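# Examination of the molecular architecture
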Amino acid sequence: MKVAAFLGSPRVNGNSEILLNEALRPIREEGHEVTIFRPAVMNISPCLNCGGCDETGVCVVEDEMEKVYDAIREGERFIIASPVFFFGLTAQLKALIDRCQSFWCEKYLLKKPVPEGRNGRKGLLILVGGMKKETGFKCGDATAAAFFRTINVQKHEALFYPQVDAKGAVIKHPTAFNEVMEAGRRLVLRQAQDDRNEGLR
Ligand SMILES: Cc1cc2nc3c(=O)[nH]c(=O)nc-3n(C[C@H](O)[C@H](O)[C@H](O)COP(=O)(O)O)c2cc1C
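Residues numbered from 1 in each chain as written. Predicted model: local features only at pLDDT ≥ 70, side-chain atom pairs only at ≥ 80, totals over all residues. Heavy atoms only, no water.

### As for helix α5 (residues 135-150)
Under the 1.5 Å per step criterion, the end-to-end length of α5 is 23 Å for 16 residues, consistent within 8% with the ideal 22 Å. Along α5, the positions that sit buried rather than exposed are Gly136, Phe137, Gly140, Ala144, Ala145, Phe147, Phe148 and Thr150. Asparagine 152 sits one or two positions beyond α5 and adopts a positive phi of about 65°. (Helix = DSSP H or I, 4+ residues; strand = E, 2+ residues; numbered from the N terminus. Expected span 1.5 Å × (residues − 1). Buried < 20%, exposed > 50% of the residue type's maximum accessible area, 1.4 Å probe, protein only.)

### Some remarks on the site of the ligand
Around the ligand there are 16 residues in total, and Ser9, Asn15, Ser16, Val164 and Asp165 lie nearest to it. Serine 9 has a polar side-chain atom sitting 2.6 Å from an oxygen atom of the ligand. At 2.7 Å from an oxygen atom of the ligand is found a main-chain nitrogen or oxygen belonging to asparagine 15. Its residues placed into classes, the shell around the ligand shows eight nonpolar, six polar and two charged. (Near = heavy atom within 4 Å. Polar contact = N/O pair within 3.5 Å; in protein donor to acceptor, adjacent residues only side chain to side chain. Nonpolar A, V, L, I, M, F, W, Y, C, P; charged D, E, K, R; others polar.)

### Structural notes on the pairing of strand β3 (residues 77-83)
Looking along a regular strand, one sees side chains alternate from face to face of the sheet. Among the seven residues of β3, seven are classified as buried, and the element is accordingly described as predominantly covered. Side chains Arg77, Ile79, Ala81 and Pro83 project from β3 onto one buried face, and the interleaved Phe78, Ile80 and Ser82 project onto a second face that is buried too. For β3 and strand β4 (residues 122-128), the ladder comprises seven bridges, and the chain directions are parallel. Note that in β4 the partner of phenylalanine 78 across the bridge is glycine 123. (Pairing = 2+ DSSP bridges.)

### Digging into the environment of leucine 187
Tracing the chain through its elements places leucine 187 in helix α6 (residues 176-187). Taking relative accessible area as the criterion, leucine 187 reaches 4% and is therefore assigned buried. A sequence separation of 110 residues divides leucine 187 from arginine 77, and the C-alpha atoms of the two residues are 7.0 Å apart. Apart from residues lying up to four places away in sequence, leucine 187 is in contact with Ile27, Arg77, Phe78, Ile79, Lys122, Gly123 and Leu124. (Contact = heavy atoms within 4.5 Å.)

In short, shape yes, function no, at least from these values alone.
Structural data, given as structure tokens:
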């Protein structure tokens, strides 16, 4: 399966990058094709609400979003890993998400959602935050859910790690590595396997 991951952090080797790599470990081991997009180092401008995609579902801005659009169309599994910034997703990641308004037009105005594919479409959200407060996770999850539904990902699992602040602090977390790895493993289960497992849970 093709797996597209969106890494919201501008901090290289930060906590969300560490967790993303752990989640990807079993996915890579199984031979799935992984592409990581890090909007902090990409040329992605924010949505202009110019209406250019209303009737076509195609964004008129030309930049590196073109690679992201292709990955979203061709992918079957999607991961967002991000820190919480001011109770939401990072600005860099939010710009990428906002530019998916063209998929929103395609799905809701033109009634043409991105096709499901053979294995269905599923998502995983991993958020880290320095604070104890859950507010940022709830806000980030709401934005991620809106993004996932827009790109026709109906279901996503979410894992939140509060009180993880200093660079690399997540390495000392007692359960995070195992949890994200298991979530990665579940993400790439085929639909039939997944339904069976859900019946057992
Ligand atoms: C601009 C900025 C805003 C932040 N806002 C929040 C916040 O609202 N809530 C929170 O829990 N942590 C907040 N943090 C802390 C980060 O989420 C935390 O340091 C996280 O571990 C960074 O992840 P990374 O290493 O993957 O970049 C903020 C950090 C920065 C730099």
